[in-house]
Amino acid sequence: MAATYVKAGLAKLSVAGLDWVNPDTLRGIVLAHYDPAGPSTRVWMQDLILESPQIAQALLAAGLAVELGAVLLLTGGWLRTLACMGLISFHVGVFAVTTNI
């Protein structure tokens with residue numbers, strides 16, 4: 001499982017480099033899933049990402065760090081717990097704004 005996530009993070013870097021954390025990347029993904037008639041919480045989160053390039057960039061950077069940090073799944077104790085919490089949070093966030101995992 002660790003290898004899958006690390007590979008996903010490395011793939012993003014190999015294709016786009018640090019341009020992956022360009023806010024327009026996440027804003028484009030959100031726009032592709034935007035439904036103004038959807039649940040109000042989802043629309044609020046989508047609007048927040050669309051209106052704030054800083055938040056979009058921070059979320060992309062955090063997601064990339066979580067994917068690359070999945071190597072911590074190979075350790076034990078609190079580091080493994082931290083990696084698991086990061087991955088769960090990442091997926092909850094993706095589902096919250098796109099409903100597409």
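A short tour of the structure in this document, coming up. (Residues numbered from 1 in each chain as written. Predicted model: local features only at pLDDT ≥ 70, side-chain atom pairs only at ≥ 80, totals over all residues. Heavy atoms only, no water.)

## Re the environment of Asp19
Now for step 1: Mapped onto the elements, Asp19 comes out in the loop between α1 (2-16) and α2 (23-32).
Now for step 2: Sequence separation of Asp19 and Thr99 is 80 residues, and the distance between their C-alpha atoms is 25 Å. (Helix = DSSP H or I, 4+ residues; strand = E, 2+ residues; numbered from the N terminus.)

## Overview of the side chain of Thr98
Now for step 1: Within the secondary structure layout, Thr98 lies in helix α5 (residues 77-98).
Now for step 2: Polar side-chain contacts of Thr98 include one of 2.7 Å to the backbone oxygen of Val94.
Now for step 3: Apart from residues no more than four positions distant in its own chain, Thr98 is found in contact with Ile29 and His33. (Polar contact = N/O pair within 3.5 Å; in protein donor to acceptor, adjacent residues only side chain to side chain. Contact = heavy atoms within 4.5 Å.)

## Points about the packing of helix α4 (residues 53-68) against α5
Now for step 1: At their nearest, the axes of α4 and α5 sit 9 Å apart, and the two run at 135 degrees to each other. As the angle between them shows, α4 and α5 are arranged oblique. For α4 against α5, the interelement crossing comes out left-handed. Counting all contacts with α4, which are made through Gly63, Val66 and Glu67, the residues of α5 involved are Gly86, Leu87 and Phe90. (Axes fitted to C-alpha atoms, helices over the stretch in contact; angles between N-to-C directions. Parallel < 35°, antiparallel > 145°, perpendicular 65-115°, else oblique. Left-handed = near helix turned anticlockwise from the far one by under 90°.)

## Quick notes on the nonpolar core
Now for step 1: If you look at the biggest cluster of nonpolar residues, it comprises ten residues: Trp20, Val21, Leu26, Val30, Ile49, Leu50, Ala56, Leu60, Leu64 and Val97.
Now for step 2: Where this core is concerned, the elements lending two or more residues are α2, α3 (40-51) and α4.
Now for step 3: Ranked by residues supplied to this core, first place goes to α4 with three residues.
Now for step 4: Discounting chain neighbours no more than four positions away, the residues touching Val21 are Gln57, Leu60, Ala61 and Leu64.
Now for step 5: One finds Val6, Ala70, Leu73 and Ala83 within the second-largest nonpolar core, a separate group that totals seven residues. (Core = buried A, V, L, I, M, F, W, Y, C linked by side-chain atoms within 4.5 Å. Buried < 20%, exposed > 50% of the residue type's maximum accessible area, 1.4 Å probe, protein only.)

## What to know about the pattern of salt bridges
Now for step 1: The full count for this structure, using the stated rule, is two salt bridges.
Now for step 2: Of the charged contacts, one joins Glu67 and Lys12 as a salt bridge, the two residues approaching to 2.8 Å between their closest N and O atoms. Of this pair, Glu67 sits in helix α4 while Lys12 sits in helix α1; the two residues are 55 residues apart in sequence, bridging distant segments of the chain.
Now for step 3: When the shortest N-O distance is used, the salt bridge between Asp24 and Arg27 registers 3.4 Å. One end of the pair is Asp24 and the other is Arg27, both in helix α2 and three residues apart, which spans about a single turn. (Salt bridge = Lys/Arg side-chain N within 4 Å of Asp/Glu carboxyl O.)

## Concerning α5
Now for step 1: Spanning 22 residues, α5 covers 32 Å between terminal C-alpha atoms, matching the ideal 32 Å at 1.5 Å per step.
Now for step 2: By the burial criterion, the buried members of α5 are Ala83, Gly86, Leu87, Ala96, Val97 and Thr98.
Now for step 3: Turning to α5, the residues buried within the fold contact α1, α2, α3 and α4.
Now for step 4: Just downstream of α5, Thr99 is the residue with a positive phi angle, here 55 degrees. (Expected span 1.5 Å × (residues − 1).)

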